[in-house]
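# Descriptive analysis of the structure
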Amino acid sequence: MGVPRLHRLALERSEQAVAAPMAIDERTPEHHRRLSELQRLLLDALQQLPAEQRAVFVLVQFNQCSMREVAEALDVSLTCAKVRLHRARKHLAKVLAED
């Protein structure tokens, strides 16, 4: 599998993870409402990230990829992948703190 294909697959997976609904435990209507609101806030925040940052964040947080795997999949240096993850987390923290 060539690096360009890995890069394309990584970006596709990050887009799918953002678009996919999270599982919601339906214990109570209030619990359901809170989870739905959290899901909306997180998805809105993820959509605001640049595609490069979102791809790294999703691969690390949702797909449990190592930073080395992310760097290889996106054909960037390990340092670049780490910087993108740091910036993504910083941006998400700022956006979510505003809500």
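Just so it is clear, the model here is predicted, and its values are computed rather than measured.

### Overview of the confidence of the model for the chain
When the pLDDT values of the chain are averaged, the result is 83; 73% of them are 70 or greater. Element-level pLDDT for the chain is lowest in helix α1 (residues 3–19), with a mean of 60, against a maximum mean of 96 in helix α4 (residues 67–74).

### Regarding the packing of helix α3 (residues 51–61) against α4
Closest axis-to-axis distance for the α3/α4 pair is 10 Å, and the angle between their directions is 140°. Between α3 and α4, the interaxial angle falls into the category oblique. The handedness of the crossing between α3 and α4 comes out as right-handed. Contact residues: α3 offers A55, V56, L59 and V60, while α4 offers M67, V70 and L74. Residue composition of the contact of α3 with α4, grouped by class: seven nonpolar, no polar and no charged.

### Quick look at the nonpolar core
Judged by nonpolar contacts, the single largest core of 18 residues is most densely connected at V56 and V70. Breaking this core down by element, the ones donating at least two residues are α2 (29–48), α3, α4 and α5 (78–98). Ignoring any residue separated from it by four or fewer positions in sequence, one finds V70 in contact with V56, L59, V60, C65 and A81.

### Some details on the pattern of salt bridges
Counting across every chain of the model gives four salt bridges. A salt bridge links R34 to E30, with the nearest nitrogen and oxygen atoms 3.0 Å apart. Of this pair, R34 and E30 both sit in helix α2, four residues apart, roughly one helical turn. Owing to a relative accessible area of 37%, E30 belongs among the partly exposed residues under this scheme. Among the salt bridges present, the one from D44 reaches R40, with a minimum N-O distance of 2.9 Å. Of this pair, D44 and R40 both sit in helix α2, four residues apart, which is roughly one turn of that helix. It is possible to trace a salt-bridge network through shared partners that takes in E30, R33 and R34.

### Quick word on the side chain of R54
Relative to the helices and strands, R54 is located in helix α3. You can call R54 buried: its relative accessible area is 7%. Among the polar contacts made by the side chain of R54, one reaches the main-chain carbonyl oxygen of L49 at a distance of 2.9 Å.

### Some remarks on unusual backbone geometry
Not every positive phi belongs to a glycine, and Q64 is a case in point at roughly 55°. As for its placement among the helices and strands, Q64 is situated in the loop between α3 and α4. Among the residues examined, Q64 registers a relative accessible area of 60% and is labelled exposed.

Calculation criteria
- In this numbering scheme, every chain counts its residues from 1 along its sequence in written order.
- The predicted origin of the model limits local features to residues at a pLDDT of at least 70 and limits the giving and counting of side-chain atom pairs to 80 or more, whereas totals for whole chains, interfaces and linings rest on all residues.
- Note that the side-chain values use all heavy atoms of the structure and ignore hydrogens as well as water.
- As a per-residue measure, pLDDT tells how confident the predictor is, with possible values from 0 to 100.
- Helix and strand assignments come from DSSP, with helices taken as H or I runs of at least 4 residues and strands as E runs of at least 2, each series counted from the N terminus.
- Convention adopted: a line fitted to C-alpha atoms gives each axis, helices being fitted over their contacting stretch, and angles between N-to-C directions are expressed from 0 to 180 degrees.
- Roughly parallel refers to an angle under 35 degrees, roughly antiparallel to one over 145, roughly perpendicular to one between 65 and 115, and oblique to any angle outside these ranges.
- Should the near helix be turned counterclockwise from the far one by less than a right angle, the crossing is left-handed, whereas a clockwise turn marks it as right-handed.
- Any pair of residues with heavy atoms lying within 4.5 Å of one another is described as a contacting pair.
- Side-chain classes are defined by residue name, with Ala, Val, Leu, Ile, Met, Phe, Trp, Tyr, Cys and Pro counting as nonpolar, Asp, Glu, Lys and Arg as charged, and the others, Gly among them, as polar.
- Among buried residues, the Ala, Val, Leu, Ile, Met, Phe, Trp, Tyr and Cys ones that are joined through side-chain atoms within 4.5 Å form a nonpolar core.
- Relative accessibility decides the category of a residue: with a 1.4 Å probe and only protein chains considered, values under 20% of the type maximum give buried, values over 50% give exposed, and everything between is partly exposed.
- Any Lys or Arg side-chain nitrogen located within 4 Å of an Asp or Glu carboxyl oxygen qualifies as a salt bridge.
- Two N or O atoms count as a polar contact when they lie within 3.5 Å, although within protein this holds only if one can serve as hydrogen donor and the other as acceptor, and sequence-adjacent residues are included solely when both atoms are side-chain atoms.

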